[in-house]
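# Observations on the three-dimensional arrangement
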Amino acid sequence: MSAPNKSYDPVEVETLKPEEIERMRDEALAAFAAAGSLDALHEAKVAHTGPASPLALANREIGALPPHAKAEAGKRVGMARGGVNKALAARQAELEAERDARVLVEEDVDVTLPYDRVRSGARHPLTTLSERIEDIFVAMGYEVAEGPQVEAEWFNFDALNIGPDHPARGEADTFFVQTASGGGSAVREGGTESGVVLRTHTSPVQIRSLLERELPVYVICPGRVYRTDELDATHTPVFHQVELLAVDEGLTMADLKGTLDHMVQSLFGEGMKTRLRPNFFPFTEPSAEMDMLCYVCKGESVGNPDRPCRTCSSEGWIELGGCGMVNPRVLTACGVDPEKYSGFAFGFGIERMLMFRHNVEDMRDMVEGDVRFTRPFGMEI
Ligand code: DAH
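Residues numbered from 1 in each chain as written. Predicted model: local features only at pLDDT ≥ 70, side-chain atom pairs only at ≥ 80, totals over all residues. Heavy atoms only, no water.

If you check the shell around the ligand, you find 15 residues, and the closest are His 201, Ser 203, Arg 227, Gln 241 and Glu 243. Between the ligand and the protein, one listed contact pairs a nitrogen atom with a side-chain N or O atom of His 201 at 2.9 Å. With respect to the ligand, the backbone of Phe 346 contributes an N or O atom lying 3.3 Å from an oxygen atom. Its free accessible area being 360 Å², the ligand has 90% of it covered by the protein chains. For the shell around the ligand, the per-class residue count stands at 5 nonpolar, 8 polar and 2 charged. (Near = heavy atom within 4 Å. Polar contact = N/O pair within 3.5 Å; in protein donor to acceptor, adjacent residues only side chain to side chain. Areas by Shrake-Rupley, 256 points an atom, 1.4 Å probe, with all protein chains shown as cover. Nonpolar A, V, L, I, M, F, W, Y, C, P; charged D, E, K, R; others polar.)

Mapped onto the secondary structure, Asn 327 falls in the loop between β9 (317-326) and α9 (328-333). Assessed through its relative accessible area of 9%, Asn 327 is described here as buried. Polar contacts involving the side chain of Asn 327 include one to the main-chain carbonyl oxygen of Pro 282, which spans 3.1 Å. Side-chain polar atoms of Asn 327 contact the backbone nitrogen of Arg 329, separated by 2.9 Å. The residues touching Asn 327, leaving out its near neighbours within four places in the chain, are Asn 161, Pro 282, Phe 283, Thr 284 and Glu 285. (Helix = DSSP H or I, 4+ residues; strand = E, 2+ residues; numbered from the N terminus. Buried < 20%, exposed > 50% of the residue type's maximum accessible area, 1.4 Å probe, protein only. Contact = heavy atoms within 4.5 Å.)

This part takes up empty space enclosed by the protein. Under the counting rule described, the total for this entry stands at 1 cavity of 30 Å³ or more. There is about 30 Å³ of room inside the largest cavity. Looking at the largest cavity, the residues that line it are Met 24, Glu 27, His 48, Pro 54 and Leu 55. Looking at the lining of the largest cavity, the elements that each hand over two or more residues are α1 (18-34) and α3 (54-62). The residue makeup of the lining of the largest cavity, split by class, is 3 nonpolar, 1 polar and 1 charged. (1 Å grid on protein atoms, 1.4 Å probe; cavity = no way out; pocket = protein on both sides within 12 Å on 5 of 7 lines; lining within 4 Å. Points joined across faces, edges and corners; volume = space filled by probe spheres on them.)

Here we come to the pairing of strand β10 (residues 342-349). Where burial is concerned, most of β10 is hidden: 8 out of the 8 residues are buried. Burial along β10 is two-sided: Ser 342, Phe 344, Phe 346 and Phe 348 facing one way and Gly 343, Ala 345, Gly 347 and Gly 349 facing the other are all buried. Bridge analysis of strand β6 (residues 238-248) against β10 gives 8 bridges, and the strand direction is antiparallel. In the sheet register, Gln 241 faces β10, and the bridge partner there is Gly 349. Here β9 pairs with β10 via 5 bridges, running antiparallel. Opposite Gly 321, over in β10, you have Phe 348 as the bridge partner. (Pairing = 2+ DSSP bridges.)

This part covers the pairing of β9. The element β9 is extensively covered by neighbouring structure, given that 9 of its 10 residues are classed as buried. Across 8 bridges, the pairing between strand β8 (residues 284-293) and β9 is antiparallel. In the sheet register, Ala 288 faces β9, and the bridge partner there is Cys 323.

Once that is clear, we can look at the side chain of Thr 259. Turning to its location among the elements, Thr 259 is positioned in helix α8 (residues 253-268). Thr 259 gets classed as buried once you look at its relative accessible area, which sits at 10%. Filtering out sequence-adjacent residues up to four positions away, Thr 259 remains in contact with Phe 137, Met 140, Tyr 142, Leu 244, Phe 344 and Phe 346.

A separate point is the nonpolar core. Formed by 45 residues in total, the largest nonpolar core has its most connected members in Ile 133, Phe 137, Met 263, Met 292, Leu 320, Phe 346 and Phe 348. At the level of elements, α5 (125-138), β6, α8, β8, β9, β10 and α10 (350-358) are the ones that each hand at least two residues to this core. Examining the composition of this core, we find that 6 residues originate from one element, α8, more than from any other. Not counting chain neighbours up to four residues away, the residues in contact with Met 263 comprise Ile 133, Ile 136, Phe 137, Leu 320, Phe 346 and Phe 348. Counting residues in hydrophobic clusters, the runner-up holds 24 residues, among them Ala 159, Leu 245, Val 330 and Ala 345. (Core = buried A, V, L, I, M, F, W, Y, C linked by side-chain atoms within 4.5 Å.)

Another aspect to go through is the packing of aromatic side chains. Inspection of every chain in the model, using the stated rule, returns 9 aromatic pairs. Ring geometry for Phe 268 and Tyr 295: centres 5.2 Å apart, planes at 40 degrees, overall tilted. Of the two residues, Phe 268 is situated in helix α8 and Tyr 295 in the loop between β8 and β9; the sequence distance between them amounts to 27 residues. When the centroid spacing of 5.9 Å and the interplanar angle of 20 degrees are considered together, the rings of Phe 346 and Phe 348 count as stacked. On the accessibility criterion, Phe 346 (1% relative accessible area) is buried. Note on Phe 348: relative accessible area 2%, which makes it buried. Every member of this aromatic cluster is reached through a ring pair, and the members are Phe 137, Tyr 142, Tyr 218, Phe 346 and Phe 348. Seen from the ring of Phe 155, Arg 208 lies directly overhead, with NZ or CZ sitting 4.0 Å from the centre. (Phe/Tyr/Trp six-rings, centres within 6.5 Å; stacked < 30°, edge-to-face > 60°. Lys NZ or Arg CZ within 6 Å of the ring centre and 35° of its normal.)

Attention now moves to the sheet that holds strand β5 (residues 217-226). Overall, mixed pairing links the 7 strands, which are arranged β1-β5-β6-β10-β9-β8-β7 in an open sheet. Two strands in the sheet have a free side with no partner beyond their single neighbour: β1 (143-144) and β7 (274-281). By the bridge criterion, 7 bridges tie β7 to β8 in an arrangement that is antiparallel. Bridge pairing in β8 places Arg 275 opposite Asp 291. Running at roughly 165 degrees to β5, α5 makes contact with β1, β5, β6 and β10 of the sheet. Here helix α7 (residues 204-212) sits on the sheet and contacts β5, β6 and β10; the angle it forms with β6, its principal contact strand, is near 40 degrees. (Axes fitted to C-alpha atoms, helices over the stretch in contact; angles between N-to-C directions.)

As structure tokens, this is what we get:
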């Protein structure tokens, strides 16, 4: 191995000449200055400070120099690299500051702008009122019972002691369902071959409940019902009812009356009460029409021309629905011994209840789906 060449002069090594080193440094500084983005600066950094950069290669040459020449060359290259690194850091800081300023502008959020007011939906007031009624009875130990809307005539009529000649079985009120096969049963008076109808009331759920449940039975049955009515301010062919049935030992009309009073007080406030007027329903005996005290005038408009009441037409009472003691024939049809058990029942329309509870004047508003109607009811749950 030959000894180091003592006369070797770093100036003579091409890449270590002062002008060369200066040129490399200047090129690096120019590249950094020219870099318009952080990406471009990164490229320039790799090119001018990376392991393959001219200054790194020049630095490597130093190792091969004789000892006495190393110091000077090292100083020269070191100073150049120091200058390059400093310029790089400065440009890096400059470009980062520019980017940060730009991001602040570009991603600026004006928190004072109005947000997109997407209204969250709410349940229909008929649903919330129905659930409110259910809750009153669930709190007393009743269970919620449901039945099908497409119902067998037997449940909708026969078992409820509504004979084939009853007007409610005529075409006037009932939607009869034609089954695809044409039905298997024989044609019956006032019925169809299929024996299937859209239920005209929630009373068939009384029958289903008695057949399905152990006695005693205490159920509240809300649901949709159908009648062949034209849609107008006070009628709709699809509407909702709530049915109640209690069958136990020793139930009397007093239990019915107390239950009704409790319901109207829960819905309309203290001081409310109901009154019963004789009526006829095939499935109750005795039967009654139930009225509740007018919740607006509390009856004070009666015989008081100075204080007329629009809600009850100054009658003092508002008709709510039908009720009565369950007809023993209904109990018998369901296999319940009427000697041992008695029961009471009632049923009324939820649309009507919503009308006078919330001063809705036109039933069509409830079915048309216009949010301007439902919105004022808010998010009532
Ligand atoms: N189902 C009857 C109707 O739709 C209402 C009714 C009357 C229900 C008397 C009852 C009741 O439970 O006892 O007109």
